[in-house]
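# An overview of the molecular structure
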Amino acid sequence: MKQPAISKQAANNQMGLQLNDFVIKLANVNGTGSASANGLLSKTIFRMGVPISAKNFFPSNIQGLPTWYEVRVSKDGYQARSGRVDVMVAMNAETYADDVAEVSAGGYLLYDSSWPMNKELLRDDVTFLGIPLAKHCAAEFDSARVRILMKNVMYVGALVALLDLDIAVVEGLLEEQFAAKPKLVPLNMRAVKMGYDYAMEHFNCPLPVRVARMDVTHNQIMMDGNTAAGLGCMYAGATVGAWYPITPSTSLMDAFDGFCQRFRQDPETGEKHYCVIQAEDELSAIGMVIGASWNGARAFTPTSGPGISLMSEFIGFAYFTELPAVLFDVQRVGPSTGMPTRTQQGDVMMCAYASHGDTKHVCLYPADPEECFYLSVKAFDLAEQLQTPVFVLSDLDIGMNEWQCPELQWDDAYQPNRGKVLDAEALDKIERFYRYMDIDGDGICARSLPGVHPKGAFFTRGSGHNKYGAYTEDPDQYQEVLDRLTRKFKTAASVVPEAVIHQQNGVTDAVIAYGSSDCAVREALDRLKEQGMHLNYLRIRAFPFGEEVEAFINAHQGVFVVEQNRDAQMVSLLTLETGVDKNKLVPLLHYGGFPLYAEFVVNQVSAHLNKRKNA
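Cut-offs and rules
Residues numbered from 1 in each chain as written. Predicted model: local features only at pLDDT ≥ 70, side-chain atom pairs only at ≥ 80, totals over all residues. Heavy atoms only, no water. Helix = DSSP H or I, 4+ residues; strand = E, 2+ residues; numbered from the N terminus. Buried < 20%, exposed > 50% of the residue type's maximum accessible area, 1.4 Å probe, protein only. Contact = heavy atoms within 4.5 Å. Core = buried A, V, L, I, M, F, W, Y, C linked by side-chain atoms within 4.5 Å. Domains from an automatic or database assignment. Pairing = 2+ DSSP bridges. Axes fitted to C-alpha atoms, helices over the stretch in contact; angles between N-to-C directions. Salt bridge = Lys/Arg side-chain N within 4 Å of Asp/Glu carboxyl O.

In this section: the environment of alanine 97. Structurally, the position occupied by alanine 97 is in helix α3 (residues 96-102). You can call alanine 97 partly exposed: its relative accessible area is 45%.

In structure tokens form, the structure reads like this:
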């Protein structure tokens, strides 16, 4: 006889049929091998043509602490967290209380019933599905490690039955995953079938929360932002990468190195046409990047906030000597060490003004892995065109989570923008080369590369220099160089990516966001529209701001600025760098470390608009 739950399933389930619109959350212990099983689940749904987004919440230690993996199934293609949990898989007894509390009313909780669930944790509005996973795996598998791993695969099998997933898709994914070790496929499929058969025998399958095939992911891929950025670096022609490992940016260099081994290494001779260097610290890493750029290579370093702090003196050197460099800041929670495995947008001000003295830097803000790829290429073009450091500010949510995005496209006719680089022929024609002479008034001077021509030789210095490149402490000569750098920054505003604007006539209020906040904001705007609240939207993609940003703000009565930091850093940047009325800007700040979700934006905007309406 089937026993659907230890709570009153029929009487208390309030959810009704939820087809391709729900959230599964899996609670595990870090280091138990659950990541591959959870990935198998999310990829199965994706392969069934159904849009998903997956978020991994893991601790900063290696093993033993709680970890969660959240899969949102959304027929409408929303990528942000939803703020609810419909199906919880509770595999960590240490977090049972929190996991039970997090399940939305009418939801389901699957747990390992090899040991009894504390009756005090039971809720009448949640259906509890107990499966003796450990007991079955102990009877079926000999190795202790295999039992732990197969327990994870077994609950995936149970979810296949409960959620009406295609078991053939699961088998196909396992065959792909273990293509190099095909003997592991039958082992894993045995565990899948164990969970599937138990659920089919003991529960009413499928649940009202279920998956039905769609056909909207055929031209989509699942990719994390660090992999996409590493691929973008290779396509951009980067040949030198130097870095010091730091969470959450390390996998960006790992991806670049992997792509280069595949595509930039002679298969016959083994000769490498690239250089990847793990430096002794962040200072050395950025120094290597600057040195490689001075020699004409496209070079970059990936890091996070603490690394940017350490690199700041060299960043100022590159700004003042006008050397290209690309820095990827995969932001995490600060200050100090903070929470290394949580996400935030806390480095906006630091990157914009990194280093001492008067410095301003070009910053790009990708919203997802797709933009990590394209803006990586753009970053190298801008760095060489403007002869300056360029920052790409991703974050942990984008960098380390897999997102659904369109297949990446590449134009084989692409030519790198090397900027004003004088070759031997050009240098031979001029009477004398002055490194910091602005000929055409855009603030950008011509540069030469070492060894190209004797006329192109110059001394690179971080100390005071005049437009001829000579040392100076003369106030007027020094100020002339600083003023030219200001002109160059104004030129930068005309060549960086423009803001993305969604605007309707007659709408008086608006929202501004940037980076990974975009997906939650776009969903929130849809929900607000359903409630009769219409707002325009601008997504900032770069600093310095183009003219369209200030014009957009001036065209609206009130502008909500959504940020994932405590101090409203983008509001500060907008106030400092534009002439807008600060009183128009209303910060909406979400900074606990988990990714932004639409409900937060909806509630905050609704509260402000209703308060103003009733005032």
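This is not the end of the story, as more comes after the structure.
Glancing now at the side chain of aspartate 509. If you trace the backbone, aspartate 509 turns up in strand β18 (residues 509-514). Filtering out sequence-adjacent residues up to four positions away, aspartate 509 remains in contact with His534, Leu535, Asn536, His556, Gln557, Gly558, Leu609 and Arg612.

Our next topic: unusual backbone geometry. Each neighbour pair has its own omega, and for threonine 247 with proline 248 the value is 10°, a cis peptide bond. In this fold, proline 248 is placed in the loop between β10 (240-243) and α9 (250-263). The linkage connecting glycine 334 with the following residue, proline 335, adopts the cis geometry, with an omega of 0°. Within the secondary structure layout, proline 335 lies in the loop between β13 (325-331) and α12 (348-352). A positive phi angle is found at glutamine 387, which is not glycine, with a value near 55°. By the secondary structure assignment, glutamine 387 is in the loop between α13 (369-386) and β15 (389-395). We classify glutamine 387 as buried; its relative accessible area is 0%. The residue alanine 568 is not glycine, and still its phi comes out positive at about 50°. Relative to the helices and strands, alanine 568 resides in the loop between β21 (558-563) and α19 (569-577).

So, about the nonpolar core. Burial of nonpolar side chains together is a common tendency in soluble globular proteins. Phe300, Val521 and Leu535 are the most contacted members of the largest nonpolar core, which has 60 residues in total. Per-element tally for this core: the top contributor is α13, with nine residues. Shared between two domains, this core holds at least three residues of each, these being domain 2 (223-403) and domain 4 (500-614). Leave out the neighbours within four places in its chain, and leucine 535 touches Val507, Asp509, Ala510, Val511, Leu525, Leu528, Phe560, Val605 and Leu609. Grouped together as the second largest cluster of nonpolar side chains are 54 residues, Ala37, Leu40, Val170 and Met222 included.

The next point concerns the sheet that holds β13. Within a sheet, neighbouring strands are paired by backbone hydrogen bonds and run either parallel or antiparallel to one another. Pairing within the open sheet is mixed, and its seven strands lie in the order β11-β10-β12-β13-β15-β14-β20. Lying at the two open borders of the sheet, with one neighbouring strand each, are β11 (275-278) and β20 (542-543). The strands that α9 touches are β10, β11, β12 (299-303) and β13; relative to β12, the one it contacts most, it runs at about 140°.

What the rule picks out here adds up to 31 salt bridges. Aspartate 112 serves as the salt-bridge partner of lysine 151, at 3.9 Å between the closest nitrogen and oxygen. Linking lysine 151 in helix α5 (residues 144-162) with aspartate 112 in strand β6 (residues 108-112), this pair joins segments that are 39 residues apart in sequence. Of the residues examined, aspartate 112 reaches a relative accessible area of 4% and is grouped as buried. The salt bridge involving arginine 190 is made with glutamate 140; its shortest N-O contact spans 3.3 Å. A residue pair is termed long-range when its members are at least 10 positions apart, and arginine 190 in helix α7 (residues 184-202) and glutamate 140 in helix α4 (residues 133-140) qualify at 50 residues. Look at arginine 190 and you get partly exposed, because its relative accessible area is 36%. Take glutamate 140: its relative accessible area is 37%, and that puts it in the partly exposed class. Taken together, the salt bridges that share partners define one network made up of Arg298, Asp381, Glu384, Arg418 and Arg447.

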